[in-house]
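Fold and contact review
The residues making up each chain are set out below.
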Amino acid sequence: GNVGIGTTAPGADLHIHSTVADLLVRSSNSYSGVNISAGSGNSSYISLSSHNAPDGNGLRLATPGTNGGRASFDINSGSGYSTIVTLQDGGNVGIGTTGPDRKLDALDASNPQIRLTTTDGTVYADLQNSATSLLALSGSTLSASSGTAYGLNFTPNFSSLSGTAGYTALFVNATDGAGSGTENLLDLQVGSASKFVINNQGAHGSPNQTLTLGASATTFAVSSNVMTVTGDAGGNTIATITAGVNGQTLTIIFVDALVTISDDNTHAANSVDLSSAFTSADDTVLRLIFDGTSWYEASRSAN
């Protein structure tokens, strides 16, 4: 009961043998249609086209032999087929590469290789590998009217550990190079300004921020753990220091004798509790600790 077309020895219910296209279904425009072919050698493919020209839009599934022994999804946007996804016989899948080295290998030499999207075009995160960055995370501008927006929310769960097991929430192991440039394990920045740095020797700190007080200013906001403060020519008496973080140690370096930090024992919000009022002089230092409500003196230069 086998039927053969192009062969006198059909091996199936319907056996089509051809050196061109084994099965071709087309519409009246001569090009749109379906093409199923065994190709040459061990290759075969199924192609779908929807255009009125030979090189029109189309999609093709090709099996080993057609693309160097790999299976692939190819697309034709008007100038011939090109491979968009490659499947190797070992199970590796390549996007943008015909030689994937891992289970999923996405190659793009100039753009982020992966995008995770919540709202198309407006809420997304991009992951990119480059010659100077193993992994760069960027994305859309975050917005929120309440709660907290996170650039990176990392929440590992270690609740099932037992016995002598321990855990490290974030592990960084850098291979030290022979370069002469800056070598840091961590550099946290806001607006391209470093806020907290850990170097390759484990030393850490906040880069010094400079502040010039305005006329009659009685308060200032903390912008770093170390601040160099210049007073106004008319003098300043500081009663409160804002923007502190619970547990923060603030070191204030003074460059003139124009600033007085007043002593406040009420423990009111952002007030400063000193052993006595502090009057600045060039190269004097005052170190304070914030308990979440007010500041307390830790040490001072001789005054």
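Our structure's up above, just so we're on the same page.
Our subject in this report is the structure included herewith. Fair warning: this is a prediction, and the values are worked out from it, not measured in the lab. (Residues numbered from 1 in each chain as written. Predicted model: local features only at pLDDT ≥ 70, side-chain atom pairs only at ≥ 80, totals over all residues. Heavy atoms only, no water.)

1. Considering the pattern of salt bridges
Throughout the structure, instances matching the rule amount to three salt bridges. Ionic pairing is found between R60 and D74, a salt bridge with its closest N-O pair at 3.0 Å. Taken together, the positions of R60 in strand β6 (residues 57–67) and D74 in strand β7 (residues 70–77) put the pair 14 residues apart, joining distant regions of the chain. Both residues of the pair, R60 and D74, count as buried. Between R300 and E297 there is a salt bridge whose closest N-O contact spans 2.7 Å. (Salt bridge = Lys/Arg side-chain N within 4 Å of Asp/Glu carboxyl O. Helix = DSSP H or I, 4+ residues; strand = E, 2+ residues; numbered from the N terminus. Buried < 20%, exposed > 50% of the residue type's maximum accessible area, 1.4 Å probe, protein only.)

2. Observations concerning the layout of surface pockets
There is about 340 Å³ of room inside the largest pocket. Along the walls of the largest pocket sit L134, L135, A136, L137, L152, V172, L185 and L186, which together make up its complete lining. If you list the elements that add at least two residues to the lining of the largest pocket, you get β13 (136–139) and β14 (184–190). Partitioned by chemical class, the residues of the lining of the largest pocket number eight nonpolar, no polar and no charged. (1 Å grid on protein atoms, 1.4 Å probe; cavity = no way out; pocket = protein on both sides within 12 Å on 5 of 7 lines; lining within 4 Å. Points joined across faces, edges and corners; volume = space filled by probe spheres on them. Nonpolar A, V, L, I, M, F, W, Y, C, P; charged D, E, K, R; others polar.)

3. What about the side chain of T86?
As for its position among the elements, T86 is in strand β8 (residues 81–87). The buried category is assigned to T86, whose relative accessible area is 0%. For T86, the side chain forms a polar contact with the main-chain oxygen of T97, separated by 3.4 Å. (Polar contact = N/O pair within 3.5 Å; in protein donor to acceptor, adjacent residues only side chain to side chain.)

4. Things to note about the sheet that holds strand β22 (residues 249–254)
The strand order across the open sheet formed by six strands is β17-β19-β22-β26-β27-β24, and the pairing between neighbours is mixed. In this open sheet, the two edge strands, each paired with only one partner strand, are β17 (209–212) and β24 (272–273). For β17 and strand β19 (residues 226–230), the ladder comprises four bridges, and the chain directions are parallel. Residue pairing for β19: T212 is matched across the bridge by T230. (Pairing = 2+ DSSP bridges.)

5. Some thoughts on a nonpolar patch on the surface
The grouping of L23, V25, V34, I36, I46, L48, L59, L61, F73, I75, I84 and L87 at the surface amounts to a nonpolar patch, some 870 Å² of accessible area in total. Inspection of the secondary structure assignment puts L87 in strand β8. A residue is classified by how much of its surface remains accessible, and L87, at 32% relative accessible area, is partly exposed. (Patch = residues over 30% accessible without salt bridge, like charges linked within 9 Å, V, L, I, M, F, W, Y side chains within 5 Å. Areas by Shrake-Rupley, 256 points an atom, 1.4 Å probe, with all protein chains shown as cover.)

6. Regarding the packing of aromatic side chains
Applying the stated criterion to the full structure yields three aromatic pairs. For the pair F254 and F278, a centre-to-centre distance of 5.4 Å together with 35 degrees between the ring planes defines the contact as tilted. Of this pair, F254 sits in strand β22 while F278 sits in strand β25 (residues 278–279), placing them 24 residues apart in sequence. For the pair formed by F254 and F278, the shared burial category is buried. With centroids separated by 4.7 Å and ring planes inclined at 40 degrees, the aromatic side chains of F290 and W295 adopt a geometry described as tilted. Overall, the relative accessible area of 0% leaves W295 in the buried class. It is R60 that lies over the ring of Y81; its NZ or CZ is 4.3 Å from the centre. (Phe/Tyr/Trp six-rings, centres within 6.5 Å; stacked < 30°, edge-to-face > 60°. Lys NZ or Arg CZ within 6 Å of the ring centre and 35° of its normal.)

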